[in-house]
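Read off the chains here:
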Amino acid sequence: MDASCCRKKKKKRRKKRRVRKKINAFAMGPVSVDKIIALQRNTTNIRNLCILAHVDHGKTTLADSLVASNGIISSRLAGKLRYLDSREDEQIRGITMKSSAISLHFSKGDEEYLLNIIDSPGHVDFSSEVSTAVRLCDGAIVVVDAVEGVCPQTQAVLRQAWLENIRPVLVINKMDRLIVELKLSCQEAYTHLKKILGQVNAVTGTLFTSKVLEERAEKVEKKEEKKEGKNLSGDQVYDWSSGLEEVDDSHLYFSPDQGNVVFASAIDGWGFSIQQFAYIYSERMGIKAEVLLKTLWGDFYLDAKAKRIMKGAEAKGKKPLFVQLVLNNIWNLYEAVVTRRDQDRVEKVVSSLEIKVAPRDLRHSDPKVLLSAICSQWLPVSQAVLLMVCDKLPSPLDMTAERVERLMSVGAHRFDSLPDQTQKLKMALIQCSSVDNAPVIIFVSKMFAVETKALPQYRQRPLSQDEIAQRRELARQRHADRMVADKTVAGNHKEDTHIDSIKLEGQSPGLSTANMESLTLKDSKPLQDEETFIAFARVYSGIVKKGQRIFVLGPKYDPAQGLSLLPEGCSATDCVSDVPHLSCCSMESLYLLMGRELEELEEVPAGNVLGIGGLEECVLKSATLSISPACPPLNPLNFEAIPIVRVAIEPKHPSEMPKLVHGMRLLNQADPCAQVLIQETGEHVLVTAGEVHLQRCLDDLRERFAKIEMSVSKPIIPFRETVVRPPKVDMVNEELGKQQKVAVIHQVKEESSQGRLSDSIQVDPSGLVTLTTPNRLATVGIRAIPLPQDVNRILESSSDVIRTLEHINISLREGKTVDISLRTLEAIAGLKAQLEKLLQGRKWRNAVERIWAFGPRRNGPNILLNSLNAYKRPSVWQCLSQDDKTYQNGTQPAAPREFDNSIVNGFQLATLSGPMCEEPLMGVCFSVERWDIQSSAASEQDSIKEDSISHETLVNRRLEESSEDMATGNRPKPVSRTEAVSADCYGPVSGQLIAAMKEACRHAFQAQPQRLMAAMYTCEIMATAEVLGRAYGVLGRREGRVLHEEMKEGTDMFIIKAVLPVAESFGFADEIRKRTSGLASPQLVFSHWEVISSDPYWVPTTEEEYLHFGEKADSVNQALKYMNAVRRRKGLYVEEKIVEHAEKQRTLGKNK
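So, how was this worked out
Residues numbered from 1 in each chain as written. Predicted model: local features only at pLDDT ≥ 70, side-chain atom pairs only at ≥ 80, totals over all residues. Heavy atoms only, no water. Helix = DSSP H or I, 4+ residues; strand = E, 2+ residues; numbered from the N terminus. Buried < 20%, exposed > 50% of the residue type's maximum accessible area, 1.4 Å probe, protein only. Contact = heavy atoms within 4.5 Å. Areas by Shrake-Rupley, 256 points an atom, 1.4 Å probe, with all protein chains shown as cover. Pairing = 2+ DSSP bridges. Axes fitted to C-alpha atoms, helices over the stretch in contact; angles between N-to-C directions. Core = buried A, V, L, I, M, F, W, Y, C linked by side-chain atoms within 4.5 Å. Polar contact = N/O pair within 3.5 Å; in protein donor to acceptor, adjacent residues only side chain to side chain. Parallel < 35°, antiparallel > 145°, perpendicular 65-115°, else oblique. Left-handed = near helix turned anticlockwise from the far one by under 90°. Nonpolar A, V, L, I, M, F, W, Y, C, P; charged D, E, K, R; others polar. Bend = angle between axes of the 7 residues up to and from the residue. pLDDT = per-residue confidence, 0-100. Expected span 1.5 Å × (residues − 1).

J.: Which residues make up the overall build of the protein chain, and what are the values?
T.: From N to C terminus, the protein chain includes 36 helices and 34 strands. By residue count, 48% of the 1152 residues in the protein chain fall in the buried class. Look at the contacts in the protein chain between residues 6 or more apart in sequence, and 76% of them connect residues 24 or more apart. A total accessible area of about 59000 Å² is found for the protein chain, and carbon and sulfur atoms account for 51% of it.

As structure tokens, this is what we get:
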């Protein structure tokens, strides 16, 4: 009996060993740079991926585990070192601020893989870094916290991955929190994990549905075009859901049985996929691994009696297989090691798993150390994640044609309108070829700064054996010389001199001190603390070689124009100064990115991520590089964050201004999202995405780029100015028009309304402002009308479409041929349809067709409307009115009236800075109801050039005569103004019309009820029930408004969604953390602009208001406070009293 038991145990052990060998057939270990260089040539086995997640969901900890698998850091330090967070402020704050890359090696059986991993930030302020990382990758690891689930930034990164058309896989991290913090049972944890998977798949499904519906709409439009001209009886009804049913979307969703989900606890070093447990239990239970793969996740249970896997676990109250075979084991391990610390049970677990644990780990006081030692051998997280990456993520060879066309189609150009040579490059991108004659195409997503002394060429190199022997001999001789010198210390000066000369004569030339220094400083030079810029790039085609000359294609480069201007067969070594947006540069050095280290390379084949040195003079933030001028600039990056927070910077010592300017230029290049502006006032302004981003930029400027002391202003808060419909009730909710006015209080308002305006301006009671130019040749009549909120929102979100529309219209006015992509035409048509739907009613009749221009900057959320009956100008939608998509010369229906551009320019200036506090306007429609211009104005405008020439000729003639008179002794005659052609003292008519239009718009704006618009953040706060009241208190003090709150299922966490003015957001995160003892964490994302309801110019005008608010009405007017702060900062006049009710001081000494 004992013998049979021993045989069974031995057989069991052998089975376990076979299973462990099968699972651990994926060897990883220290790898050399030469090995990685060799792997770069096998494009099939390259995986370019980034790690995406919400802040604090464990991206960098997971990256540490992957880095430790290659022996770069110790596995004990994984999660504590945060190797890819190389900046000091990243380590202090505990969040990633810069995306950084590292190349790892992974062996799966006989196959060897090269993994280029990019760790990206999760904080919303640094989402631009996510955009730069996603563009260079083919796949992504999306990390989700097992407790918090899908958070705002999780949705943002999934959307970015979708827009770039890369394939994601899912890691549900921090599984240990379900056991240790929430103390869930296995069954509860399983239910919770299903909900999280459902949340993630819901986000993916929304993105997929929108794409399918867009494609469906395109098909319907094409069918309509084919049926055009045929009369179709009855209304047509389209079933949009039919498109969803036809498309297979099963591969898009995350499901453990598909192998694209890993459950992990990166901090404890363990992680697993369904496949690993399927292999383990297939050997133990004798069930096929394929069957277990399909049934380990889902509503299946194990019938112990029948020894079969059955369906319907939930209905029959049975434990699902995932709970029974997977989670139970992990929960039992945590119970033995962490909760109860049962030493006997731990030893049984270690022996049954056949793993070796060091005695010091078994004796360690911290149970997490023992847990990590067991789990990292039983279920290593790096093995599970990297195996999933190799199996499920695509290689560079799998790039789809759709993604390539999207990359190559920039702006309004469609792919099939590009030149033939350009379209041929599509195959080079799809094939990702590394043959010698393949065209080199590289995309630079960002520039990052490193210290010059950290570059590989300046790093201390290891000494050769000859150099070591030489230094040893020199050290011995120095020691012998020192011994001789010690013996002769008591001698005279002459003897010392004699000894020194003997030493110098006896020393061999090869061992001199100078030679010693040359050995130490060989191939190096003294370096200052300089910064060198490295381009973060990917090779899409060809082989990049060190020192290679290459074209740099700007974002506005047109390959058709470039090919026409350049000679055939032109290369980057030739001069291309005549081609706009095209330059040449040399790639001085190529680098392998290894986290904190850089390794120098000679060449890099296609499909790899690399660093390129020597591009700082040619590339600002991102660019496309190619050896072919036929290559188009690849599509610009999609940035989620909008720079909104501004500060003005100046040096403390004015003499250091050049250093500040240089430093800000470097910062602008080093940060993909930061913007550096010089305002009209001469202020140097830094624009950032948020408070944390601002602090990091200022630290970089102070310590790395400018290295000077700086004075930083308080954050410059952007506002917008708008008009609203006249209110129906006053400040005490009484109906207007029925109360008796208080004459004394209303006196100020009457003076301003009656107006001491000039004679050239007339204001109609209805709000129509008529203004005449100083030379009385032109008159304009303008009315300001508030736009509906929905129209305002659409115009703001469609700024790119409006900008494209303006470029098309400019090209058409210049008589150029324009090729417009179908996607662009659809976007323009969609914008027009939305505006027509929203601008309904008598006063908006036919308004969309009468749009003259958008502003400011020709793409803003304000409209100039043509309400002139006598002037029919070309429509801004003229590109939609033609059947053909190509427009030749003379296709425009009408020519613009003379001085049309002056009216538009005046409108642009007026909307750029409003009358309240010189902030841009928003949501205002200016209707041009009168525009009279005398015929003499045109003739004067045409004669200005002739006038100036004739005047110059007359002056030159007079000067010649005067020089002759001086020579003959005669007195020269003075040049009289009447002899020259009389010029208009007010300047050109066009300039006067611009100024008149601007002033008319400003007065029309002031004739309506004016309001300020504040920038608003959407604020999501996760807090426990105990600190909910304190979080509400902080929001209330900062003018915040709670939209809704909900409890996260399965946790004690509440999610509060609120809006908060940007002006009140500074210090908000720190205050709420202090008030809640760190139990509440806010996430601020710029959302929208909101009208501040209070009137900044309000004063009491009725007896009720007078009684309620008092004579001075000195209660806080939020809009007035904001407006005065902006005016004060800009140096504008602020109407305020410094001292009120002052009294003479009465002292104790003299009581007078």
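Additional details are given in the paragraphs that follow.
J.: Hey, could you go over the sheet that holds strand β26 (residues 769–772) for me, with residue numbers and the actual values?
T.: With mixed pairing, six strands are arranged side by side in an open sheet as β25-β26-β27-β30-β29-β28. The open sheet has two edge strands, β25 (761–763) and β28 (851–855), and neither has a second partner. For this sheet, the mean inter-axis angle between neighbouring strands, taken without regard to orientation, is 20°. Sheet topology places β26 next to strand β27 (residues 778–786); four bridges connect them, and they run antiparallel. Each residue of the ladder has a partner; that of Val769, found in β27, is Ile782. Helix-sheet contacts for helix α30 (residues 900–912) involve β27, β28, β29 (862–866) and β30 (924–933), and the interaxial angle to β28 is about 35°.

J.: So, the pairing of β29: which residues are in play, and what are the values?
T.: For β29, a buried count of five out of five residues is recorded, marking the element as mostly surrounded by other parts of the structure. Here β29 shows a buried face lined by Asn862, Leu864 and Asn866 and a second buried face lined by Ile863 and Leu865. Sheet topology places β28 next to β29; four bridges connect them, and they run antiparallel. Residue pairing across strands places Ile851 opposite Leu865, the latter belonging to β29.

J.: Residue-level account of the sheet that holds strand β21 (residues 675–678), with values.
T.: Spatial strand order, β21-β22-β20-β23: four strands in an open sheet with antiparallel pairing. Edge strands, defined here as strands with exactly one partner in the open sheet, are β21 and β23 (710–712). With direction set aside, neighbouring strand axes in the sheet form an average angle of 30°. Relative to strand β22 (residues 684–688), β21 runs antiparallel, the two sharing four bridges. Each bridged residue has a counterpart across the sheet, and for Leu677 the counterpart in β22 is Val685. Sitting on the sheet, helix α24 (residues 657–670) is in contact with β20 (645–651), β21, β22 and β23, with an inclination near 25° to β22. Relative to the sheet, helix α25 (residues 691–705) contacts β20, β22 and β23, its axis offset from that of β22 by approximately 135°.

J.: Would you mind going over the side chain of Arg403 in detail, with residue names and values included?
T.: Tracing the backbone through its elements, the reader meets Arg403 in helix α18 (residues 401–408). Take Arg403: its relative accessible area is 4%, and that puts it in the buried class. Apart from residues lying up to four places away in sequence, Arg403 is in contact with Val134, Arg135, Cys137, Asp138, Glu164, Asn165, Ile166 and Tyr540.

J.: Explain the nonpolar core to me, using residue names and the numbers behind them.
T.: Ile141, Ile442, Ile612, Leu615 and Leu686 are the most contacted members of the largest nonpolar core, which totals 107 residues. When residues in this core are grouped by element, the largest group, eight residues, is from helix α17 (residues 381–392). Sequence-distant contacts of Ile141, that is, excluding residues within four places in its chain, are made with Leu49, Cys50, Ile51, Leu52, Leu62, Val169, Val171, Val385 and Val389. Counting 60 residues, the second-largest nonpolar core is a separate cluster that includes Ile179, Tyr190, Val346 and Leu379.

J.: Explain the environment of Asp790 residue by residue, including any values.
T.: Following the sequence through the fold, Asp790 ends up in helix α27 (residues 789–797). As for Asp790 and Leu838, which are separated by 48 residues in sequence, their C-alpha atoms are 7.3 Å apart. Side chain to side chain, Asp790 and Arg793 meet in a polar contact 2.8 Å long.

J.: Would you mind going over the packing of α30 against helix α32 (residues 989–1006) in detail, with residue names and values included?
T.: Two elements in contact, α30 and α32, have axes whose closest approach is 7 Å; the angle formed by their N-to-C orientations is 45°. If you check the angle between α30 and α32, you find them oblique. Here the hand of the crossing between α30 and α32 comes out right-handed. In contact with Ser902, Ile903, Asn905, Gly906, Phe907, Leu909 and Ala910 of α30, α32 contributes Ser990, Leu993, Ile994, Met997, Lys998 and Cys1001. Taken together, the residues of the contact of α30 with α32 break down into eight nonpolar, four polar and one charged.

J.: Quick one: what's the story with helix α13 (residues 321–339), residue by residue and with numbers?
T.: Of all the bends in α13, the greatest measures close to 45° and is centred on Leu327. Once α13 finishes, Arg341 follows within two positions and takes phi at roughly 55°, a positive value.

J.: Can you break down the confidence of the model for the protein chain residue by residue, with the values?
T.: Looking at the protein chain, the pLDDT average stands at 79 and 78% of residues meet or exceed 70. Note on residues 18–28: pLDDT is under 50 here. Beyond four places in sequence and across chains, it has 30 contacts. Contacts of residues 493–527 to residues separated by more than four positions or lying in other chains number 34 contacts, the stretch itself having pLDDT below 50.

J.: Residues and numbers for the packing of helix α14 (residues 343–353) against helix α16 (residues 367–378), please.
T.: In contact at an axis separation of 11 Å, α14 and α16 are set at 20° when each is read in the N-to-C sense. Classed by the angle they form, the pair α14 and α16 counts as roughly parallel. Crossing angle aside, the handedness with which α14 passes α16 is left-handed. Here α14 contributes Val346, Val350 and Leu353 to the contact with α16, which in turn contributes Leu370, Ile374 and Trp378. Considering only residue class, the contact of α14 with α16 consists of six nonpolar, no polar and no charged.

J.: So what about helix α36 (residues 1118–1130)? Which residues, and what values?
T.: Its 13 residues give α36 an end-to-end C-alpha distance of 19 Å, which sits within 8% of 18 Å, the value for a rise of 1.5 Å per residue. Among the residues making up α36, those that are buried are Gln1118, Ala1119, Tyr1122, Met1123, Asn1124, Val1126 and Arg1127. Turning to α36, the residues buried within the fold contact β24 (719–723) and β31 (1010–1024). Where α36 begins, one side-chain oxygen reaches toward the backbone nitrogen of Ala1119, 3.2 Å away; that side chain belongs to Asn1117. Just downstream of α36, Gly1131 is the residue with a positive phi angle, here 80°.

J.: Outline the pairing of β28, listing residues and values.
T.: Taking burial as the measure, the five residues of β28 include five buried ones, the bulk of the element. Hairpin connection between β28 and β29: a loop of six residues separates the two successive antiparallel strands, and Arg857 in this loop has a positive phi of roughly 55°.

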